[in-house]
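# Analysis of the macromolecular model
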Amino acid sequence: MAEINYPEIQGKHYEEVLNFFSWDLSKHELGFKEDDLINIGEYCSDRICRMGKSDKLALIWEGHKGEIKKYTFNDMRQLTNSIAVFLQNLGIQPGERVCLFMDKVPELYFGFLGILKMGGIAQPLFSAFGSESLLTRLEDAQTSAIFTQKKHLPKVRNILEKLNCLKHIIVVDDDGSKPLKEREIAFNMDASARVDNFEIYPSKAETPSVLHYTSGTTGRPKGAQHVHISLVSQYITAKYVLDLKEDDIYWCTADPGWVTGTSYGIIGPWSNGITQCVLDAGFTAENWYKFIEKHKITVWYSAPTAIRALMKEGTEVVKKHNLSSLRHLTSVGEPLNAEAVLWSKEAFGLPFHDTFWQTETGSIVISNYPGMKIKPGSMGKPFPGITATVVDLKTYLPIERRGIVGMIALKPGWPSMFRTYWNNEEIYKGKFRNGWYLCGDRASIDEDGYYWFVGRDDDVINTAGHLVGPFEIESALLEHPAIAESAVVGKPDPVNMEVVKAFIALKPNIKPDKMLELDIMNFVRKKLSALAMPQEIEFVDKLPKTRSGKIMRRVLRAKEWGEEIGDISTLEEDM
Ligand code: PRX
């Protein structure tokens, strides 16, 4: 095959790139040829070292006490090897699921790549999850091992009896002060013997790599299963949308328990050989600005909730810091309101560029490409290589007329698209109509081809950029001894976009009061997480249901949002 001479597209005009883009461009840049082996762990560490960047910093990590750790690409290469060997020595086989259940410590990042290097499937879970959230996801994936920290160990111990599959609990910060229990083993990454040569698992394009759990309206959370070739999408979008360049110092604020934290907090930047910073500390505007100033961050990927929280603090605090290193700002996870874009221009002299994608898409699919004219409030245009449209809500046919709201639909075929839902091929298949993958979001496209987000097409709640499924919360609520029935919906919130609101019917003879309300909130927080905890509870005598007995969340939601209730012909009786 003749060598194609691909032009350099970074910095080129969007329309120009559209004309010649193909996924082969990314493969070409990565030196990947069809049928080659491809292992994300290898591409992000060994390959970068081979390119002469062994001594370049891969990770600058700062903890909540201000402690700093730095690792070069060679450190990362060796330590991810050490983790891979450790897992092999435990007897973990390629294809087994290994969970990462940790705060944003270096072991989380390197553990992810180490698992992939030995052929395991990495299953990151948000460390703020409670025991029940953890159990559901470990049970579904039949996870063999879990990396965790001492502080999260009690949540794992709680559910151990129900998890025969879980053979190894690897504690990364054990100091020997308290004896470990059955199935538990200590692993100290920084003190571990560095492994210089490791035979990386010969994964191919379609070898499973990552399992990310995401919430839907019905049923339990589903594991979106990705494969190693996803790197081709993550690499090129990190380069062209996040605009990562050789000397950048990049900061992705997302936690790798969620897909942004892996696709663009691990794979995207490191496959580009970029130095990235991680802050493992709680949010305050002051802390964040200090972090940017101290590490001279140039490219920043964050979320609307965080931006709105910064807006609340005002521009005075911005002025106290030298943030002149910043050159490109990007956002994901929820609609980025026009005010936030305009505010960031005023505060940082730079607009936030909105990007849209999902756990299932694995990489950015619609975005405000650098250099493109930003229309504040719009998500931008499809990434070159992505064929997108909006389809009619009933016929699932593309809507030709501009400005009409439909469902966002994508033509399958880009490298990082999920390959199935773990153990749930049926629901996976249900996501496709007329050859289109349906995102479950509504939007319209304007005359210039820009996408405008309208809302979700289902009952999933987006709180602070995190999706929570009403079903999981309702199931947890039903386990509370006082509750007969419940329905959970999203309620508008100025910072988090939505918060969880629960409508609850109590069992006979139980009277609602403030204590009970707090008890219920705490019950959910402990079982699931603070995100899933209802911020508001409304006690009702009964819930609106269809004649067949299905709770109509839509009716409750419409009331919260002051919207039209829509068709209620199937409602059991008038509310
Ligand atoms: O509803 C959309 C919203 O977040 C959903 C995907 O969530 P998740 O799978 O957790 O992945 C989040 C990060 C990639 C979408 O279906 N969403 C994501 N980005 C945007 C958005 N809504 C509006 N504007 C966005 N830019």
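Since this is a predicted model, take the numbers as computed values, not measurements.

### Topic: the nonpolar core
Counting residues in hydrophobic clusters, the biggest one holds 101 residues, and the most contacted among them are F110, F147 and W270. Looking at this core element by element, the count peaks at eight residues for helix α5 (residues 73-90). Not counting residues within four places of it along the chain, the set of residues in contact with F147 comprises I83, L87, V98, C99, L100, F101, M102, I115, I170, V172 and F187. Grouped together as the second largest cluster of nonpolar side chains are 45 residues, A476, L506, A532 and M533 included.

### Some details on the domain arrangement of the protein
Taken domain by domain, the protein holds domain 1 (40-443) and domain 2 (461-561). Just the C-alpha atoms count here: the centres of domain 1 and domain 2 sit 29 Å apart. Taken together, the contact between domain 1 and domain 2 spans 25 residues of the former and 22 residues of the latter. Carbon and sulfur atoms make up 55% of the area that domain 1 and domain 2 hide from each other, which totals about 1,700 Å². Together, E132, S215 and W258 form the three largest contributors to the area buried by domain 1 at its contact with domain 2, with a combined 25%. Counting every contact that joins domain 1 to domain 2 gives two salt bridges. In this structure, E132 engages K527 in a salt bridge whose closest nitrogen and oxygen atoms are separated by 3.2 Å. Run the count over domain 1 and domain 2 and you get twelve residue pairs in polar contact (both at pLDDT 80 or more).

### Observations concerning the site of the ligand
Near the ligand, the surroundings consist of 18 residues, among which D354, T355, Q358, T359 and D441 are the closest. One nitrogen or oxygen atom from the side chain of D441 is found 2.5 Å from an oxygen atom belonging to the ligand. Across the complex, the protein chains shield 97% of the 550 Å² of accessible surface that the ligand would expose by itself. Of all the elements in the fold, those that place two or more residues in the shell around the ligand are α10 (259-271), β14 (352-356) and β22 (451-456). At three residues, β14 tops the list of elements feeding residues into the shell around the ligand. A per-class count over the shell around the ligand returns eight nonpolar, six polar and four charged.

### With respect to the pattern of salt bridges
Between side chains of opposite charge, a pair can form as their charged atoms come close. In the structure shown here, the tally under the stated rule is 42 salt bridges. Close ionic contact of E246 with K56 constitutes a salt bridge, the shortest N to O distance being 2.9 Å. Of this pair, E246 sits in the loop between α9 (231-240) and β10 (249-252) while K56 sits in the loop between α4 (46-53) and β1 (57-63); the two residues are 190 residues apart in sequence, bridging distant segments of the chain. On the accessibility criterion, E246 (40% relative accessible area) is partly exposed. Using a relative accessible area of 16% as the deciding quantity, one classes K56 as buried. Between R553 and E474 there is a salt bridge, with its nearest N and O atoms 2.8 Å apart.

### Considering the sheet that holds β10
Within the open sheet, the nine strands sit side by side as β2-β1-β11-β10-β12-β13-β14-β15-β16. Their pairing is mixed. A single partner strand is all that each edge strand has here, and the edge strands are β2 (68-72) and β16 (381-382). Where β10 lies against strand β12 (residues 299-302), three bridges are found, and the strand directions are parallel. Following the sheet pairing, Y250 is matched in β12 by V299. Lying over the sheet, helix α14 (residues 338-348) contacts β12, β13 (328-331) and β14, oriented at roughly 145° with respect to β14.

About the criteria used
Residues numbered from 1 in each chain as written. Predicted model: local features only at pLDDT ≥ 70, side-chain atom pairs only at ≥ 80, totals over all residues. Heavy atoms only, no water. Core = buried A, V, L, I, M, F, W, Y, C linked by side-chain atoms within 4.5 Å. Buried < 20%, exposed > 50% of the residue type's maximum accessible area, 1.4 Å probe, protein only. Helix = DSSP H or I, 4+ residues; strand = E, 2+ residues; numbered from the N terminus. Contact = heavy atoms within 4.5 Å. Domains from an automatic or database assignment. Buried area = accessible area lost by both parts, 1.4 Å probe. Salt bridge = Lys/Arg side-chain N within 4 Å of Asp/Glu carboxyl O. Polar contact = N/O pair within 3.5 Å; in protein donor to acceptor, adjacent residues only side chain to side chain. Near = heavy atom within 4 Å. Areas by Shrake-Rupley, 256 points an atom, 1.4 Å probe, with all protein chains shown as cover. Nonpolar A, V, L, I, M, F, W, Y, C, P; charged D, E, K, R; others polar. Pairing = 2+ DSSP bridges. Axes fitted to C-alpha atoms, helices over the stretch in contact; angles between N-to-C directions.

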